[in-house]
Amino acid sequence: MLKINGQDVNAAGKTLESYIAEAGFNKVRIAVERNGEIVPKSKYGETVLADGDCVEVVNFVGGG
Amino acid sequence: MSAGDTPLPSREQILAALVQKQGADAVEKLQKATIAVCGLGGLGSNIAISLARAGVGRLILIDFDTVDITNLHRQQYKMNQVGIPKAEALLQNLEEIAPYVQYEVHQVKVTAENAVSLLQEADVICEAFDKADAKAMLVDTVLEKLPQKYLVAASGMASYDSGNAILTRRITDKFYLCGDGKNDVDEVVGLVAPRVMLCAAHQALTAIRLVLGLD
């Protein structure tokens, strides 16, 4: 089990890329923080989620 | 000369006034700081004016766009500036408000390719774009290529919801996010000056706090 945006999620073993797609996030509108570090978009495919990870998907909305 | 035919305050007088209101230690740190503002719309024009008034030593101001009539309700431009580049218009206004700040303006679109050269001299970078994908691009680029910089981004300031929903959150050591996190300008009605200014004020205050070492 790991935490994503404060919720317990059973996603250990999945890549960040596949979690993002399954959860319905628009990849060009997000930034992902994992255990205190930003994961660059180029690394989503090789980043494997593990038990105990704490992830925040920051979903940007428009306006400024 | 000013409108009343009295001379403008000198740099020394302005610094003394800043010290009186903000404290000598803070003014010294702010004078040494360089802060970049990416996007000079509702967020960026308000952030830049706050930081210039506070006595930040150097501001790097970047926007590719021109002032539009639909900007005037929330952005710090004047009717006679419609049609001119925002970078140029804001510089004119800032030179009247706070002429002793060092300004560096760029009329370009920030991209993943030019971000490093535009932003490498900044201590703190404020993301103040309007498009969500541009926001995400800048956050990704800065945190990957300029990981030693502080980044203060914004997401969610549209709608007539309570201003109390606008917050500053620390996402990582170097990355702060201001806004309500929710109200997308394309999905809700209302992009109103005070709510945009609240978000800009959160960003400007966070940038000042970071310069002062109050993370």
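Here the structure is a predicted model, which is why all the values come from computation and not from measurement. (Residues numbered from 1 in each chain as written. Chains lettered and ligands numbered in written order. Predicted model: local features only at pLDDT ≥ 70, side-chain atom pairs only at ≥ 80, totals over all residues.)

A separate point is the nonpolar core. Ranked by internal contacts, the top residues of the largest apolar core, which has 79 residues, are B:I35, B:V37 and B:C126. Beyond its immediate sequence surroundings of up to four residues, B:V37 is in contact with B:G44, B:I47, B:A48, B:L59, B:L61, B:I62, B:C126 and B:A128. (Core = buried A, V, L, I, M, F, W, Y, C linked by C-beta atoms within 7 Å. Buried ≥ 20, exposed ≤ 12 C-beta atoms within 10 Å, placed from the backbone. Contact = placed C-beta atoms within 7 Å.)

All right, on to the confidence of the model for chain B then. Here chain B averages 96 in pLDDT, and 98% of its residues register 70 or above. Taken together, the chains of this predicted complex give a pTM of 0.95 and an interface ipTM of 0.91. (pLDDT = per-residue confidence, 0-100.)

Turning next to the sheet that holds strand 2 (residues 58–62) of chain B. What links the strands of a sheet is backbone hydrogen bonding, and the strands pair in either a parallel or an antiparallel sense. Residue and element names in this part refer to chain B. The strand order across the open sheet built from seven strands is 3-2-1-4-5-7-6, with neighbouring strands paired in mixed fashion. Looking at the sheet topology across the chains shown, the edges are occupied by strand 3 (102–106) and strand 6 (167–170). Here the average twist between neighbouring strands, direction ignored, is 15°. Summarising the sheet, strand 2 and strand 3 pair through five bridges and their orientation is parallel. Each residue of the ladder has a partner; that of L59, found in strand 3, is Y103. Its contacts with the sheet place helix 4 (residues 86–97) against strand 2 and strand 3, and it is angled at close to 165° to strand 3. Packing against the sheet, helix 6 (residues 132–145) makes contact with strand 1 (34–38), strand 4 (124–127), strand 5 (150–154) and strand 7 (175–179), and its axis sits at approximately 170° to strand 5. (Pairing = 2+ DSSP bridges. Helix = DSSP H or I, 4+ residues; strand = E, 2+ residues; numbered from the N terminus. Axes fitted to C-alpha atoms, helices over the stretch in contact; angles between N-to-C directions.)

Moving on, we come to the interface of chain B and chain A. Across the boundary between the two partners, chain B contributes 32 residues, which contact 17 residues of chain A. For the side of chain B that touches chain A, the secondary structure elements donating two or more residues are helix 3 (42–53), helix 6 and strand 7 of chain B. The element contributing the most residues to the side of chain B that touches chain A is helix 6 of chain B, with eight residues. When its residues are assigned to classes, the side of chain B that touches chain A shows 15 nonpolar, seven polar and 10 charged. (Nonpolar A, V, L, I, M, F, W, Y, C, P; charged D, E, K, R; others polar.)

This paragraph deals with the environment of B:I62. Residues and elements named next belong to chain B. Summarising the element assignment, I62 is placed in strand 2. Distance in space between the C-alpha atoms of I62 and Q120 is 13 Å, their sequence separation being 58 residues. In contact with I62, other than residues within four places in its own chain, are A36, V37, C38, H106, V108, V110 and L118.

Our next topic: helix 7 (residues 193–211) of chain B. Residues and elements named next belong to chain B. The end-to-end C-alpha distance of helix 7, which contains 19 residues, comes to 26 Å, matching closely the 27 Å that a straight helix rising 1.5 Å per residue would cover. For helix 7, the set of buried residues is R195, V196, M197, C199, A200, H202, Q203, A204, T206, A207, I208 and V211. Positive backbone phi, approximately 80°, marks G213, located one or two places after helix 7. (Expected span 1.5 Å × (residues − 1).)

Here the focus is the pairing of strand 4 of chain B. All names here are of chain B. The alternating pattern of strand 4 places V124 and C126 on one face and I125 and E127 on the opposite face, and all of these are buried. Alignment of strand 1 against strand 4, held across four bridges, turns out to be parallel. Bridge pairing links C38 to E127 in strand 4. The pairing of strand 4 with strand 5 spans three bridges and is parallel. Directly across from I125, in strand 5, lies its bridge partner L151.

Let's shift gears to the pairing of strand 7 of chain B. Residue and element names in this part refer to chain B. Among the five residues that make up strand 7, five are buried, leaving the element largely enclosed by the rest of the structure. Burial along strand 7 is two-sided: F175, L177 and G179 facing one way and Y176 and C178 facing the other are all buried. Pairing of strand 5 with strand 7 involves four bridges; the strand directions are parallel. Among the inter-strand pairings, L151 is bridged to a residue of strand 7, identified as F175. Direction of pairing for strand 6 relative to strand 7: antiparallel, over a ladder of four bridges. The residue of strand 7 that forms the bridge with R169 is L177.

In the Ramachandran plot, A:N35 falls in the positive-phi region, its phi being about 50° despite a non-glycine side chain. Position of A:N35 relative to the elements: it lies in the loop between strand 3 (30–34) and strand 4 (37–39). Taking the C-beta count within 10 Å as the criterion, A:N35 has 13 such neighbours and is therefore assigned partly exposed. A positive phi angle is found at B:S159, which is not glycine, with a value near 90°. Along the polypeptide, B:S159 turns up in the loop between strand 5 and strand 6. B:S159 sits in the buried class, given 20 other C-beta atoms within 10 Å.

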